[in-house]
Amino acid sequence: MSFTVAIDGPAAAGKGTISRAVAAHFGFAHLDTGLLYRAVGAKALEGIEPIAAAEALRAEDLAAQNLRGAEVAQEASKVATIPEVRAALVDFQRAFARRNGGAVLDGRDIGTVICPEAEAKIFVTASAEVRAKRRFLEQRAAGSAMSLEAVWAEVIARDERDQSRAAAPMKPAEGALIFDTSEMTIDEAVAVAIKAIQARR
Ligand code: CDP
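Cut-offs and rules
Residues numbered from 1 in each chain as written. Predicted model: local features only at pLDDT ≥ 70, side-chain atom pairs only at ≥ 80, totals over all residues. Heavy atoms only, no water. Near = heavy atom within 4 Å. Polar contact = N/O pair within 3.5 Å; in protein donor to acceptor, adjacent residues only side chain to side chain. Areas by Shrake-Rupley, 256 points an atom, 1.4 Å probe, with all protein chains shown as cover. 1 Å grid on protein atoms, 1.4 Å probe; cavity = no way out; pocket = protein on both sides within 12 Å on 5 of 7 lines; lining within 4 Å. Sits in = over half its atoms within 2 Å of the grid points. Helix = DSSP H or I, 4+ residues; strand = E, 2+ residues; numbered from the N terminus. Nonpolar A, V, L, I, M, F, W, Y, C, P; charged D, E, K, R; others polar. Buried < 20%, exposed > 50% of the residue type's maximum accessible area, 1.4 Å probe, protein only. Contact = heavy atoms within 4.5 Å. Phe/Tyr/Trp six-rings, centres within 6.5 Å; stacked < 30°, edge-to-face > 60°. Lys NZ or Arg CZ within 6 Å of the ring centre and 35° of its normal.

1. Here's the deal with the site of the ligand
Contacts to the ligand come from 18 residues, most closely from Arg-38, Arg-86, Arg-135, Arg-158 and Asp-162. A distance of 2.5 Å is found between an oxygen atom of the ligand and a side-chain nitrogen or oxygen belonging to Arg-38. Arg-108 has a polar side-chain atom sitting 3.1 Å from an oxygen atom of the ligand. Compared with its free state, where it exposes 530 Å², the ligand has 97% of that area covered by protein. Spatially, the ligand is embedded in the largest pocket. Of all the elements in the fold, those that place two or more residues in the shell around the ligand are α2 (34–45), α4 (70–79) and α8 (148–164). The class makeup of the residues in the shell around the ligand is five nonpolar, four polar and nine charged.

Shown next, in the form of structure tokens:
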């Protein structure tokens, strides 16, 4: 039996944390689809043509060390505007979504393009200030020396690119539960998501 949970939203809204917790709660597999675009972005930074990089992407590319940084994130959002890059990544994501035992996918276009038929769709947001602060703390803990202002600008630039692109722009899917985590703890946000998914089972 398959059961797909689509979790979309802007940068650092809490999608990853919520998705991992929800997957653990229901015993579902989890795919962070941002990693696919980050892996293609990292290859583009190495000088590989992005469409060719997306077409040749392998599972081990997702385990590369440098994918979480801000430079790769920016490049990811640039390659993510290329329709052929997105097209090359569709089949893998759809197969993952329909695997037996249930799947949670988080990204920008899961509920709108990859899995419009997902049983549960959630769009997680938070204010730009809260998201920038969360990402700043995460990156500092990972050893980055970027200032809060620089992280903030990075997040805003990516949101704008992700929202305004013609191919699969970031937006809430029809029928998605939209919730703002600005004033919530992680546990509260996870509880909201679990309740919404439970209601669909
Ligand atoms: O972790 P964060 O929310 O900052 O970013 P991410 O989910 O790792 O995604 C990195 C970039 O990949 C995004 O800014 C998007 O441009 C792109 N992306 C996308 O276009 N579609 C997806 N399903 C997932 C990510």
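2. Here we look at α4
For α4, a buried count of eight out of 10 residues is recorded, marking the element as mostly surrounded by other parts of the structure. Every buried residue of α4 is listed here: Ala-70, Val-72, Ala-73, Gln-74, Glu-75, Ala-76, Ser-77 and Val-79. On its buried face, α4 is in contact with α2, α3 (50–55), α5 (83–97), α7 (128–141) and α8.

3. Overview of the packing of aromatic side chains
Per the stated rule, a full pass over the model turns up two aromatic pairs. Ring geometry for Phe-26 against Phe-28: centres 5.4 Å apart, planes inclined by 20 degrees, an arrangement best described as stacked. When sorted by exposure, Phe-26 lands in the same class as Phe-28, which is buried. Geometry around Phe-96 places Arg-99 over its ring, the cationic atom sitting 4.5 Å from the centre. For Arg-201, the ring lying beneath its charged end belongs to Phe-3, and the centroid distance is 5.5 Å.

4. Considerations on the side chain of Asp-8
Mapped onto the elements, Asp-8 comes out in strand β1 (residues 4–8). Looking at Asp-8, its side chain comes within polar contact range of the main-chain nitrogen of Arg-108, at 3.1 Å. One polar contact links the side chain of Asp-8 to the main-chain amide nitrogen of Ile-110, over a distance of 2.9 Å. Dropping the residues within four chain positions of it, Asp-8 is found in contact with Lys-15, Gly-107, Arg-108, Asp-109, Ile-110, Gly-111, Ile-122, Phe-123 and Val-124.

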